[in-house]
Amino acid sequence: MGNYMDIILEELTHSNLEAVRKIDRNDISEAFVDTVDTIMSVTDYGAQHHCLGHTFAIRHADTYIGVILLGEALHWKTDPPEMAQEPFYRLMGFVLDKKYRGKGIGGLALEMTINKVYADYGVRPIALGCHRENVRAADFYCKHDFQKTEYLEDNDIYYLRYPEK
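None of the values given here were measured: they were computed from a predicted structure.

In this section: helix 4 (residues 135-143). Residues of helix 4 that are buried: A137, A138, F140 and Y141. The buried side chains of helix 4 occupy one side of the element, clustering within an arc of 160° when seen end-on. Those residues of helix 4 that are exposed and angled more than 90 degrees off the buried face are V135, R136 and K143. Contact partners of the buried residues in helix 4: strand 4 (89-96), helix 3 (105-121), strand 5 (126-131) and strand 7 (156-161). At the C-terminal side of helix 4, D145 shows a positive phi close to 70°.

Shown next, in the form of structure tokens:
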């Protein structure tokens, strides 16, 4: 498999969508992470409404191995109250092909994405929803400075990450 530190973030587009659909995530329920098609729809909506952010296809060499969306959050009524005080980003649709998990790639791709969005659009807090039964993802996000809240949206627990002051 080689060196995983040569990860490339490439904008998810309708041109690479078919290849990105081939990511093997059959062990991850859609209740845990949206499908690539749903993420593409959210990306299209964001583009049409001039929302800030990026949706990346994550590549290792010539293989698409994941997808991640980090964009300007539209306020939802279920958002934690503190998120109503300032603009923030929402992390959505983050999934890696199952062959590439547990190798540090997810953390690298997450931090690369955050750094790119911050560089392009400015620094803001980040919110995400993690299914209450998705323990592996919850541990991963906590390792990456997201704080678990007591707020829920359906079965998703909100996690928040504030920029370093």
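So that's the structure; there's more coming.
A few words on the layout of surface pockets. When its volume is computed, the largest pocket comes out at roughly 1000 Å³. Forming the boundary of the largest pocket are 39 residues, of which V33, F94, N134, A137 and Y141 lie nearest the centre. Counting residues per element, the ones that place at least two in the lining of the largest pocket are strand 4, helix 3, strand 5, helix 4 and strand 7. Looking at which element gives the most residues to the lining of the largest pocket, the answer is strand 4, with 7 residues. If you trace the second largest pocket, you find 21 residues lining it, with V42, T43, G46, C51 and L69 closest to the centre.

Between the first and last C-alpha of helix 2 (residues 36-48) there are 18 Å, a value that for 13 residues agrees with the 18 Å anticipated at 1.5 Å per step. Turning to helix 2, its buried residues are V36, I39, M40, T43 and G46. Relative to the axis of helix 2, the buried residues are bounded by an arc of 120° and lie together on one face. Tucked inside the fold, the buried residues of helix 2 contact helix 1 (17-20), strand 2 (53-60), strand 3 (63-72) and strand 4. With its phi angle positive at about 55°, H50 sits one or two positions after the end of helix 2.

If you walk across this open sheet you meet the 7 strands as 1-2-3-4-5-7-6, and the pairing is mixed. In this open sheet, the two edge strands, each paired with only one partner strand, are strand 1 (7-11) and strand 6 (147-153). For this sheet, the mean angle separating the axes of adjacent strands, direction not counted, is 30°. Examined bridge by bridge, strand 4 and strand 5 share 3 bridges and lie parallel to one another. The residue of strand 5 that forms the bridge with R90 is A127.

In total, this model carries 4 aromatic pairs according to the counting rule given. On the basis of an interplanar angle of 55° and a centroid distance of 6.0 Å, the ring pair of F94 and F140 is categorised as tilted. Placement of the pair is F94 in strand 4 and F140 in helix 4, with a sequence separation of 46 residues. Exposure class is identical for F94 and F140. Each is buried. Ring centres of F140 and Y141 lie 5.2 Å apart, and the angle between their planes is 75°; this geometry places the pair in the edge-to-face category. Both residues of the pair, F140 and Y141, count as buried. Joined through ring pairs, the aromatic side chains of F94, F140, Y141 and F146 make up one cluster. The ring of Y89 has R124 lying over it, and the distance from NZ or CZ to the ring centre is 5.1 Å.

The rules behind each value
Residues numbered from 1 in each chain as written. Predicted model: local features only at pLDDT ≥ 70, side-chain atom pairs only at ≥ 80, totals over all residues. Heavy atoms only, no water. Buried < 20%, exposed > 50% of the residue type's maximum accessible area, 1.4 Å probe, protein only. Helix = DSSP H or I, 4+ residues; strand = E, 2+ residues; numbered from the N terminus. Arc of directions from axis to C-beta. Contact = heavy atoms within 4.5 Å. 1 Å grid on protein atoms, 1.4 Å probe; cavity = no way out; pocket = protein on both sides within 12 Å on 5 of 7 lines; lining within 4 Å. Points joined across faces, edges and corners; volume = space filled by probe spheres on them. Expected span 1.5 Å × (residues − 1). Pairing = 2+ DSSP bridges. Axes fitted to C-alpha atoms, helices over the stretch in contact; angles between N-to-C directions. Phe/Tyr/Trp six-rings, centres within 6.5 Å; stacked < 30°, edge-to-face > 60°. Lys NZ or Arg CZ within 6 Å of the ring centre and 35° of its normal.

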